[in-house]
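Geometric and topological summary
Here are the chains, one letter per residue:
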Amino acid sequence: MKEKKFSFGTFMQKYAVVAVWIVLIIVYSVIMPDTFATWNNITSMLSSKAAVAVLSLAIMIPLIAGDYDMSVAANMTLTSMMVAIMNVWWGFPIWIAIILSLVIACLVGAINGLFSAILDINPFVITMGMQTLITGMVILISNSTTITGVDTRLVSAVYSSRIFGISPIFFYMIIITLILFYFFTFTSAGKRLIIVGRGRNVAKLSGINVKRVRFLCFVAAGFFSGIAGVLQLGVLGAASTNSGLNYLMPAFAAVYLSSTVISPGRFNPWGCVIAVYFLVTGTTGLSLMGINSAVQDVFYGAALIIAIVVSVSVERRQQKREIKTILQQGKSDGGKSGAIDGE
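Fair warning: this is a prediction, and the values are worked out from it, not measured in the lab.

From N to C terminus, the chain includes 14 helices and two strands. Looking at the chain as a whole, 47% of its 343 residues are labelled buried. Relative to all contacts within the chain whose residues are 6 or more apart in sequence, the contacts with residues 24 or more apart total 75%. Carbon and sulfur atoms form 66% of the exposed surface of the chain, whose accessible area is close to 17300 Å².

The following block contains the structure:
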């Protein structure tokens, strides 16, 4: 077997975002050594946006299977609000409130899966409708108020305590990422999900129950968006009617950027995490420089557009390579068979 030669182009394709991220860190550190390049700022970035990373992982799961779930940010907000209502208004113990709220988040995912996967209705339309529905429900059940006074044990377990100076939420996010990385890399269920995303007809011919896989992806998206809601509640210590909605664009941008990192052409967990903190680094630096907050939205929007364009181009390039390889193998096999027939 021939050893694979090192390709600088392939290397840059995998780690270009990481390289730009490092350059950003260096530039901001040189410009703002007393504000950006401090341990407090670093730990703040790692901790404050970990919930966004978990939300991006929630988006990633159905997206790998070829489906969009636009309701995850609203589901995140709903979970956060339900935990606060159950704990503060109804007096439920915090852990019971969390479990019940996560069940509701999974139910939202199951409804999305029922309409999108089982009944085969456009998932983008269904989940957009679900997002609007949930947003209205959150406003109604909360009376448009911000609920404070959540059990301090949740705040301590998620944010206020420190491990090596970093809030526990960051390590929870890393654990979730490790679990999903293991699932997609080493389990047959994860590989079936990837096959469904690459081609549903091929997956059906392989004996995969495509509808069930897609349905479970929406349930998983609901569960992890609920986890993101619980974590964000622990960070803020309060629930508002729009606590998660502002994270939809950054999370989607991170997911699409993930397909340009580590495994080009594929959405992947570690790529999501790297992309989230790449975006966070960019916006934090702009904020510390005193640039208008609206520029941050421009940054996220531009990152999303660029990520989608790069993701599609990488995917098309890989498809061309695969077709070329198949054609070359076909010619090779044809030549061999011709030689055999000539004998």
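There's plenty left to go through after this.
Okay, unusual backbone geometry next. Residue Asn-143 is not a glycine yet carries a positive backbone phi of 55°. At Phe-164, a position not held by glycine, the phi torsion is positive, near 55°. In this structure, Phe-164 sits in the loop between helix H7 (152–160) and helix H8 (168–186).

The next subject is the nonpolar core. Of all hydrophobic cores here, the largest spans 93 residues; its most connected members are Met-60 and Ile-61. The greatest single-element share of this core, amounting to 13 residues, is contributed by helix H3 (residues 50–64). If sequence neighbours within four positions are ignored, Ile-61 has contacts with Leu-180, Phe-184, Leu-193, Cys-217, Ala-220 and Phe-224.

With 20 residues, helix H6 (residues 123–142) extends 28 Å between its outermost C-alpha atoms, agreeing within 8% with the 28 Å of an ideal straight helix rising 1.5 Å per residue. Along H6, the residues that are buried comprise Pro-123, Ile-126, Thr-127, Met-130, Gln-131, Ile-134, Val-138 and Ser-142. The arc that holds the buried residues of H6, viewed along the axis, is 140°, so those residues lie on one side. Every exposed residue of H6 that faces more than 90 degrees away from the buried side is listed here: Val-125, Thr-132 and Leu-140. Among the structural elements, helix H4 (72–89), helix H5 (94–118), helix H11 (210–236) and helix H12 (248–258) are those in contact with the buried residues of H6. By the N-cap criterion, in which a side-chain oxygen at the helix start approaches the backbone nitrogen of a residue two or three places on, H6 is capped by Asn-122, the distance to Phe-124 being 2.9 Å.

Attention now goes to the pattern of salt bridges. This structure, assessed with the given rule, holds four salt bridges. In this structure, the salt-bridge partner of Asp-67 is Arg-200, at a minimum N-O distance of 3.0 Å. Pair noted here: Asp-67 is in the loop between H3 and H4 and Arg-200 is in helix H10 (residues 200–205), with a separation of 133 residues, a long-range link. Residue classification places Arg-200 among the partly exposed residues on the basis of a relative accessible area of 28%.

Here the focus is the packing of H5 against H7. At a minimum axis separation of 9 Å, H5 and H7 run at an interaxial angle of 70°. Relative to H7, the element H5 is oriented roughly perpendicular. On the side of H5, the interface is formed by Ile-94, Trp-95 and Ile-98, while H7 contributes Arg-153, Leu-154 and Ala-157. Residues belonging to the contact of H5 with H7 are distributed by class as follows: five nonpolar, no polar and one charged.

This part covers the side chain of Thr-281. Among the structural elements, Thr-281 can be located in helix H13 (residues 269–288). Setting aside anything within four residues of it in sequence, one finds Thr-281 in contact with Trp-21, Leu-24, Ile-25, Tyr-28, Phe-36 and Met-45.

With that settled, the discussion passes to a nonpolar patch on the surface. On the surface, Ile-22, Val-23, Ile-26, Val-27, Val-30, Ile-31, Met-289, Ile-291, Val-295 and Val-298 cluster together into a nonpolar patch covering about 850 Å² of accessible area. Secondary-structure elements contributing two or more residues to the nonpolar patch are helix H1 (8–31) and helix H14 (294–342). Here the nonpolar patch takes six residues from H1, the largest share from any one element.

For an α-helix, 3.6 residues make a turn, and residues three or four places apart therefore share a direction. Along helix H2 (residues 39–48), the residues classified as buried are Asn-41, Thr-43, Met-45, Leu-46 and Ser-47. Contacts from the buried residues of H2 go to H3, H7, H8 and H13.

Attention shifts here to the environment of Val-273. Among the structural elements, Val-273 can be located in helix H13. Along the chain, Val-273 and Ala-251 lie 22 residues apart, while their C-alpha atoms are 10.0 Å from each other. Non-local contacts of Val-273, meaning those with residues more than four positions away in its chain, are made with Met-173 and Thr-177.

This part takes up the packing of aromatic side chains. Per the counting criterion, the structure on display carries 12 aromatic pairs. A ring pair is formed by Tyr-68 and Phe-124, whose centres lie 6.1 Å apart and whose planes are at 85°; its orientation type is edge-to-face. Note that Tyr-68 is positioned in the loop between H3 and H4 and Phe-124 in helix H6, a separation of 56 residues in sequence. By relative accessible area, Tyr-68 is classed as partly exposed at 33%. In textbook terms, an aromatic cluster arises when at least three aromatic residues are bridged by ring pairs, as seen for Phe-181, Tyr-182, Phe-186 and Trp-270. The ring of Tyr-159 carries Arg-162 above its face, with NZ or CZ at 5.5 Å from the centroid.

This paragraph deals with the side chain of Asn-41. Tracing the backbone shows Asn-41 in helix H2. A polar side-chain atom of Asn-41 sits 2.9 Å from the main-chain carbonyl oxygen of Phe-36. Ignoring any residue separated from it by four or fewer positions in sequence, one finds Asn-41 in contact with Thr-35, Phe-36, Thr-284 and Leu-288.

Rules used in this analysis
- Residues numbered from 1 in each chain as written.
- Predicted model: local features only at pLDDT ≥ 70, side-chain atom pairs only at ≥ 80, totals over all residues.
- Heavy atoms only, no water.
- Helix = DSSP H or I, 4+ residues; strand = E, 2+ residues; numbered from the N terminus.
- Buried < 20%, exposed > 50% of the residue type's maximum accessible area, 1.4 Å probe, protein only.
- Contact = heavy atoms within 4.5 Å.
- Areas by Shrake-Rupley, 256 points an atom, 1.4 Å probe, with all protein chains shown as cover.
- Core = buried A, V, L, I, M, F, W, Y, C linked by side-chain atoms within 4.5 Å.
- Expected span 1.5 Å × (residues − 1).
- Arc of directions from axis to C-beta.
- Polar contact = N/O pair within 3.5 Å; in protein donor to acceptor, adjacent residues only side chain to side chain.
- Salt bridge = Lys/Arg side-chain N within 4 Å of Asp/Glu carboxyl O.
- Axes fitted to C-alpha atoms, helices over the stretch in contact; angles between N-to-C directions.
- Parallel < 35°, antiparallel > 145°, perpendicular 65-115°, else oblique.
- Nonpolar A, V, L, I, M, F, W, Y, C, P; charged D, E, K, R; others polar.
- Patch = residues over 30% accessible without salt bridge, like charges linked within 9 Å, V, L, I, M, F, W, Y side chains within 5 Å.
- Phe/Tyr/Trp six-rings, centres within 6.5 Å; stacked < 30°, edge-to-face > 60°.
- Lys NZ or Arg CZ within 6 Å of the ring centre and 35° of its normal.

Coordinates in, geometry out; function isn't part of it.
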